[in-house]
Amino acid sequence: MSLTLTPQIADAPALELAPRERETLGHIAAGRTYLQTARHMGLSKHTVDAYLRRIRAKLDITSTAELTRLAVSLGL
């Protein structure tokens with residue numbers, strides 16, 4: 001199955017994310033751990049976890065695979 005998103009659909013979720021949430025999503029999608037992401041962003045891993053929980057809640061996403069697919073579609 002192939003997932004192809006039109007620009008309007010792909011950009012819609014991005015409008016709901018704060019800049020730090022987008023940055024966090026990009027790090028996780030790149031394969032970094034919560035701790036690696038936190039160190040790179042100058043945060044605690046608990047803050048990274050909070051950002052990811054917020055992203056999941058805003059976009060109704062339940063898995064890291066879905067988060068990664070979203071990040072790829074947004075070009076993060």
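Right above here is the structure, for reference.
Residues numbered from 1 in each chain as written. Predicted model: local features only at pLDDT ≥ 70, side-chain atom pairs only at ≥ 80, totals over all residues. Heavy atoms only, no water.

Colleague: Would you take a moment to explain unusual backbone geometry for this structure?
Modeller: If a residue is not glycine, its phi is most likely negative; likewise, a peptide bond is most likely trans. The backbone phi angle of Asp-60 is positive, close to 55 degrees, even though this residue is not glycine. Taking the relative accessible area as the measure of exposure, Asp-60 reaches 66% and is therefore exposed. (Buried < 20%, exposed > 50% of the residue type's maximum accessible area, 1.4 Å probe, protein only.)

Colleague: Is there a simple way to think about the nonpolar core in this case?
Modeller: Nonpolar side chains in soluble globular proteins tend to be buried together. If you look at the biggest cluster of nonpolar residues, it comprises 13 residues, and the most contacted ones within it are Leu-25, Leu-52, Ile-55, Leu-59, Leu-67 and Leu-70. Among the secondary structure elements, those contributing two or more residues to this core are helix H2 (19–29), helix H4 (45–59) and helix H5 (64–74). (Core = buried A, V, L, I, M, F, W, Y, C linked by side-chain atoms within 4.5 Å. Helix = DSSP H or I, 4+ residues; strand = E, 2+ residues; numbered from the N terminus.)

Colleague: It is not clear to me how the pattern of salt bridges should be interpreted in this structure. Could you clarify?
Modeller: Should their charged atoms come close, side chains of opposite charge can pair. All chains considered together, the criterion is met by 4 salt bridges. Notably, a salt bridge pairs Glu-21 with Arg-54, separated by 3.6 Å at the nearest N-O pair. One end of the pair, Glu-21, is in helix H2; the other, Arg-54, is in helix H4, with 33 residues separating them in the sequence. According to the relative accessible area criterion, Glu-21 is buried, its value standing at 1%. Given a relative accessible area of 40%, Arg-54 falls into the partly exposed group. Ionic pairing is found between Glu-21 and Lys-58, a salt bridge with its closest N-O pair at 2.8 Å. Taken together, the residues span a long stretch of sequence, with Glu-21 in helix H2 and Lys-58 in helix H4 at a distance of 37 residues. In the salt-bridge network here, residues are joined through shared partners; they are Glu-21, Arg-54 and Lys-58. (Salt bridge = Lys/Arg side-chain N within 4 Å of Asp/Glu carboxyl O.)

Colleague: When you look at H5 in this model, what are you seeing that I'm missing?
Modeller: Residues separated by three or four positions in an α-helix point in the same direction, a consequence of the helix having 3.6 residues per turn. Every buried residue belonging to H5 is among Leu-67, Leu-70, Ala-71 and Leu-74, and all of these are buried. Down the axis, H5 shows its buried residues gathered within 100 degrees of arc, on one side only. With respect to the buried face of H5, the exposed residues turned more than 90 degrees away are Ala-65 and Val-72. Note on H5: the residue one or two positions beyond its end, Gly-75, has a positive phi of about 75 degrees. (Arc of directions from axis to C-beta.)

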